[in-house]
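# Fold and geometry: a report
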Amino acid sequence: MISMVAAITLLSSCNGSPDNGIGLQLWSVRSDMAKDPVATIEKIGAMGYDYVEPADYSDGKFYGMEPAEFRALVENNGMVILGSHTTMAIPDSGSWEALMPWWDQCIAAHEAAGVEYIVAPSMGNSAYQSLAGLASYCEYFNAVGEKCNEAGIRFGYHNHDREFSELEGERIYDFMLRNTDPEKVGFQLDIYWIYEGGGDPMAYFLTHPDRFLSIHIKDEKELGESGEIDFLPILEKAMDIGSKYFVVEVERYNHEPLVSVEKSLDYLKEIGFIK
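Residues numbered from 1 in each chain as written. Predicted model: local features only at pLDDT ≥ 70, side-chain atom pairs only at ≥ 80, totals over all residues. Heavy atoms only, no water.

### Things to note about the overall build of the protein chain
What counts, and what does not: Secondary structure elements follow DSSP: runs of H or I of four or more residues count as helices, runs of E of two or more count as strands, with numbering from the N terminus. With the radius of gyration taken over C-alpha atoms, the globule rule is written as 2.2 Å times the number of residues to the power 0.38. Relative accessible area decides the class of each residue, using a 1.4 Å probe on protein chains only: under 20% of the type maximum gives buried, over 50% gives exposed, and in between gives partly exposed. Should any heavy atoms of two residues lie within 4.5 Å, those residues are considered in contact. Charge counting follows a simple rule: Lys and Arg are positive, Asp and Glu are negative, and His as well as the terminal groups are ignored. A charged residue contributes its charge at one atom only: NZ of Lys, CZ of Arg, CG of Asp or CD of Glu.
The secondary structure content of the protein chain amounts to 11 helices and 13 strands. Here the protein chain has a C-alpha radius of gyration of 18 Å; the compact-globule value for 275 residues is 19 Å, and the two agree. If you line up the protein chain on its principal axes, its C-alpha atoms span 45 × 40 × 30 Å. The proportion of buried residues among the 275 residues of the protein chain is 53%. Counted over contacts in the protein chain with a minimum sequence separation of 6, partners at least 24 positions apart contribute 77%. Across the protein chain, the 20 positively charged side chains and the 45 negatively charged ones have centroids separated by 1 Å.

See below:
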């Protein structure tokens, strides 16, 4: 059996996509996945996506399926499961150690699914109330990242706009970059949300070129329809600094979700990022 990375590379060479191909965050088609995950995965594979990023891990399963079952569904449709969005917020008591058994089960399930990384897509309110609360999350993420490393999985954090606000004179995202261990915690930069928060992706690529394993390609609705983001130079720069994976996400729509994600893939072809 070839490795997941080799499989992605093989797919990439077949369809002309850059680096390791183009993925889809399945939150983009959450209603379709809830109704019929099998048919939805079949349609996504037929569109030409190379990998998927689930957003529905719960109690050891993905979309109600055992990890091996979901992995087989995805791979039988010409894709792989690259990464997954999931996390547990630190409880109000402020202690995250009690969450480690949950992470043990989570990591084992993701290992069985063949993922390369797990991404935390959010933090609890304590991270935004004080630097002490934010520092606790950084410590927590370092601990989770260490567990992931032991299983051969990378761990990372996905931004929204809130991370670009200031807390006690510190920009939250900058504090996280400084206070997480690069060997244990990477970052998945979301292009739309960094702009919404007032940040500049190019500046972060220059100052932290080794931290961004993957990029979320996102617009207000379908890619390119807002006309407000010049995606191509950002994506090319991300490739220059070594970002390996590019994941389309559509959260709001002008069309039905499956139409939206296909139009977004077509847009990446139109601007010349993929063939």
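### Focus: the confidence of the model for the protein chain
Just so we agree on the cut-off: The quantity called pLDDT is the predictor's confidence in a given residue, expressed from 0 to 100.
Put simply, the protein chain has an average pLDDT of 93, and 93% of its residues get 70 or more. Note that pLDDT drops below 50 for residues 1-17; the model gives that stretch 34 contacts with residues more than four away or on any other chain.

### Quick look at a negative patch on the surface
Under the convention used in this document: Every patch collects residues that have over 30% relative accessible area and no salt bridge, joining them within 9 Å if they carry like charges and within 5 Å if they are nonpolar side chains (Val, Leu, Ile, Met, Phe, Trp, Tyr). Under the convention used here, a 1.4 Å probe and the Shrake-Rupley method define accessible areas, while residue burial counts only the protein chains that appear. Each reported salt bridge corresponds to a side-chain nitrogen of Lys or Arg within 4 Å of a carboxyl oxygen of Asp or Glu.
Side chains of D161, E196, E220 and E228 sit close together on the surface and give a patch of like negative charge. With respect to the helices, strands and loops of the structure, E196 is situated in helix α8 (residues 191-196). Of the residues examined, E196 reaches a relative accessible area of 43% and is grouped as partly exposed.

### Here's the deal with the pattern of salt bridges
Tallying each qualifying case throughout the model produces six salt bridges. Its salt-bridge partner being R178, residue E170 comes within 2.8 Å of it at the nearest N-O pair. Taking the relative accessible area as the measure of exposure, R178 reaches 48% and is therefore partly exposed.

### Regarding the pairing of strand β7 (residues 117-120)
Rules: The pairing criterion for strands is at least two bridges between them, as found by DSSP. When the strands point away from the viewer, a crossover counts as right-handed if the route from the first strand across the helix to the second turns clockwise.
Where burial is concerned, the two faces of β7 agree: the one with Y117 and V119 and the one with I118 and A120 are both buried. Two elements, strand β6 (residues 83-85) and β7, share three bridges in a ladder whose sense is parallel. Bridge pairing in β7 places S84 opposite I118. With helix α5 (residues 100-113) bridging β6 and its parallel neighbour β7, the resulting β-α-β unit is right-handed. Taken together, the four bridges between β7 and strand β8 (residues 154-158) define a ladder with parallel strand orientation. The residue of β8 that forms the bridge with A120 is Y157. Considered for its hand, the β-α-β crossover made up of β7, helix α6 (residues 131-150) and β8 is right-handed.

### Notes on α6
As a reminder, the rule being used: Multiplying 1.5 Å by the helix residue count minus one yields the expected span of that helix.
For α6, which comprises 20 residues, the first-to-last C-alpha distance of 29 Å matches the rise-based estimate of 28 Å (1.5 Å per residue) to within 8%. Positive phi appears at G152, one or two residues downstream of α6, with a value of about 80 degrees.

### Considering the side chain of Q188
Stated precisely, the cut-off is as follows: Whenever a nitrogen or oxygen atom comes within 3.5 Å of another N or O atom, the pair is scored as a polar contact, on the condition that within protein one atom can donate a hydrogen and the other can accept it, and that pairs from neighbouring residues in sequence are kept only if both atoms are in side chains.
Note that Q188 resides in strand β11 (residues 186-190). For Q188, the side chain forms a polar contact with the side chain of Y117, separated by 3.4 Å. Aside from chain neighbours lying at most four places away, what touches Q188 is E53, H85, Y117, V119, Y157, H158, N159, S214, I215, H216 and V247.

### Let's talk about α5
Taking 1.5 Å per residue, 14 residues should reach 20 Å; α5 reaches 20 Å between its end C-alpha atoms and fits that length. Every buried residue of α5 is listed here: M100, W103, C106, I107, A109, H110 and A113. Where α5 terminates, the next one or two residues include G114, which has phi positive at roughly 80 degrees.

### Looking at the side chain of E249
Of note, E249 is situated in strand β13 (residues 245-249). Summary of buried charges: E249 has no salt-bridge partner, and the nearest side chain of opposite charge, K218, is 5.6 Å away. One polar contact links E249 to H216, side chain to side chain, over a distance of 3.0 Å. With residues up to four places along the chain from it excluded, the contact list for E249 reads Q25, W27, S28, H158, D190, H216, I217 and K218.

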